[in-house]
Amino acid sequence: MNVMLYESSYNEVKGFLNKETPSFGFSLRDLTSNNLICVRVRRTSDNDERDFRPLDITNGELLSYVGDGNEGFVARWVNQFNQDEYYEQTDTSKQPQIVYNVGGTATLVTTNAVAGELPSIDFGGFGFVTNGFLEGGDYEPSQDLLIIAVIRPQAIDPSSDGYIFDNFTSSGRGLLQDNFSSGTYTFINDTTSSTPNRLRAGVPSTDLTVITARIKSDAVTLANNQWEMYFNGVLAVSDNGTLLPYQARSGSTNIGAGTGSGSDPFLGRISEILIYRGNNLDYTQKIVEKNVIGYYADDLNL
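For clarity, every value in this text was computed on a predicted model and none was experimentally measured.

## Section: the overall build of the chain
Helix and strand counts for the chain come out as five helices and 19 strands. Across the 302 residues that make up the chain, the buried fraction comes to 55%. Counting contacts in the chain only where the partners sit at least 6 residues apart, residues at least 24 apart contribute 68% of the total. Accessible surface computed for the chain: about 11,800 Å², of which carbon and sulfur atoms make up 43%.

## Quick word on unusual backbone geometry
For Ser-33, which is not a glycine, the phi torsion comes out positive at approximately 65°. Examined against the element boundaries, Ser-33 turns out to sit in the loop between β1 (24-27) and β2 (39-43). Owing to a relative accessible area of 56%, Ser-33 belongs among the exposed residues under this scheme. Look at Asn-280: it is not a glycine, yet its phi comes out positive at around 55°. Tracing the sequence through the fold places Asn-280 in the loop between β19 (268-278) and α5 (282-295). In this structure Asn-280 comes out as exposed when scored by relative accessible area, which is 57%.

## Focus: the nonpolar core
Counting residues in each nonpolar core, the largest one holds 45 residues, and the members touching the most others are Val-39, Leu-62, Trp-77, Ile-98, Leu-176, Ile-255 and Ile-270. With four residues, strand β10 (residues 144-153) is the single largest residue contributor to this core.

## So, the packing of aromatic side chains
Enumeration over the complete set of coordinates arrives at nine aromatic pairs. With centroids separated by 5.6 Å and ring planes inclined at 90°, the aromatic side chains of Phe-123 and Phe-128 adopt a geometry described as edge-to-face. For the residue pair Phe-123 and Phe-128, the accessibility class agrees, reading buried in each case. Residues Tyr-295 and Tyr-296 carry aromatic rings whose centres are separated by 4.9 Å and whose planes lie at 80° to one another, so their mutual orientation is edge-to-face. Each residue in the set Phe-26, Trp-77, Tyr-87, Phe-123 and Phe-128 is aromatic and connected to the rest through ring pairs, giving one cluster. The residue whose ring lies beneath Arg-29 is Tyr-295, and the NZ or CZ to ring-centre distance is 4.6 Å. Positioned over the ring face of Tyr-86 is Arg-76, at 3.8 Å from the centre of the ring.

## Quick look at the pairing of β2
Within β2, four of the five residues are buried, which leaves it mostly tucked inside the rest of the structure. In the sheet, β2 pairs with strand β3 (residues 49-52) via four bridges, with the strands oriented antiparallel. The residue bridging Val-39 from the neighbouring strand is Phe-52, located in β3. Adjacent in sequence and paired antiparallel, β2 and β3 are bridged by five residues, among which Asn-47 carries a positive phi angle near 65°. In this sheet, strand β4 (residues 72-78) lies alongside β2 in antiparallel orientation, the contact comprising five bridges. Pairing of Val-41 across the sheet is with Val-74, part of β4.

## Topic: the environment of Ser-64
Turning to its location among the elements, Ser-64 is positioned in helix α4 (residues 61-66). Through-space distance from the C-alpha of Ser-64 to that of Ala-106 is 8.1 Å; in sequence the pair is 42 residues apart.

## Topic: the pattern of salt bridges
Evaluated as defined, the whole model comprises eight salt bridges. The partner of Asp-51 in a salt bridge is Arg-40, and the shortest N-O contact between them spans 2.7 Å. You can see Asp-51 sitting in strand β3 and its partner Arg-40 sitting in strand β2, a full eleven residues away along the chain. For Asp-51, a relative accessible area of 30% translates into the label partly exposed. Of the charged contacts, one joins Arg-76 and Glu-88 as a salt bridge, the two residues approaching to 3.5 Å between their closest N and O atoms. Taken together, the residues span a long stretch of sequence, with Arg-76 in strand β4 and Glu-88 in strand β5 (residues 86-88) at a distance of twelve residues. A network of salt bridges, in which partner residues are shared, links Asp-144, Arg-214, Lys-216, Glu-228 and Asp-282.

Definitions and cut-offs
Residues numbered from 1 in each chain as written. Predicted model: local features only at pLDDT ≥ 70, side-chain atom pairs only at ≥ 80, totals over all residues. Heavy atoms only, no water. Helix = DSSP H or I, 4+ residues; strand = E, 2+ residues; numbered from the N terminus. Buried < 20%, exposed > 50% of the residue type's maximum accessible area, 1.4 Å probe, protein only. Contact = heavy atoms within 4.5 Å. Areas by Shrake-Rupley, 256 points an atom, 1.4 Å probe, with all protein chains shown as cover. Core = buried A, V, L, I, M, F, W, Y, C linked by side-chain atoms within 4.5 Å. Phe/Tyr/Trp six-rings, centres within 6.5 Å; stacked < 30°, edge-to-face > 60°. Lys NZ or Arg CZ within 6 Å of the ring centre and 35° of its normal. Pairing = 2+ DSSP bridges. Salt bridge = Lys/Arg side-chain N within 4 Å of Asp/Glu carboxyl O.

Okay, structure coming up:
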């Protein structure tokens, strides 16, 4: 792929997220051009917590707050389009990391763990749950569902499946997974079932990847719905009929936290998750994918 093409596309459409607002937007970059709060960070020196905006992360304020010799962990990941909504982890032993202590120096977690790359969050087997605003029962089968996630698995472990974004309470299944045991990424249609239908494609790797999971819903007959998965903007697999209707378990959703019992957490970095719900999201998907891929182009293996 042509990296410069995606960078050009990003420059052309970077204001689009203000016009076509996602239902939910979690990122360390500024999605609104208003530099709103994106994370709440806890520092290890005294367990103090403070809210930070995207500019604070890139201008050194976050590193200064954490301080050399210490580490920083994310207590909340805030929806930039509604500041009252957030994913959180109150157990300090399970909070994902945003600042490392590297040889006594406070160092940002980045997309590919190389200094100078874009900020990211290291889940390391831990993650967030919602505070009630985004539950399985909120999903409407007659609407399109579009999930765009920017992830980088930490390691290929055939004995583990990582739940990137899921609707897991005490049972059921996740929505978006890196299924190392099956050697694919997986998009699941029915989180109320222990044996759901699955849309599988791709080969999980340790490369930074933009995954798009899409349900094109037909409000008249759900049998005409279309399920799709894309990797870095390229369609990998699609199906219809056999994967429908879409159902979600009533209860909280998680980012990276795994099952309700704590198994199958996501091991790696998640930089961004955008969630759209609505009717006919074809244009939205096209332009937002260009925006996201363009922003992360230098760190993607295009």
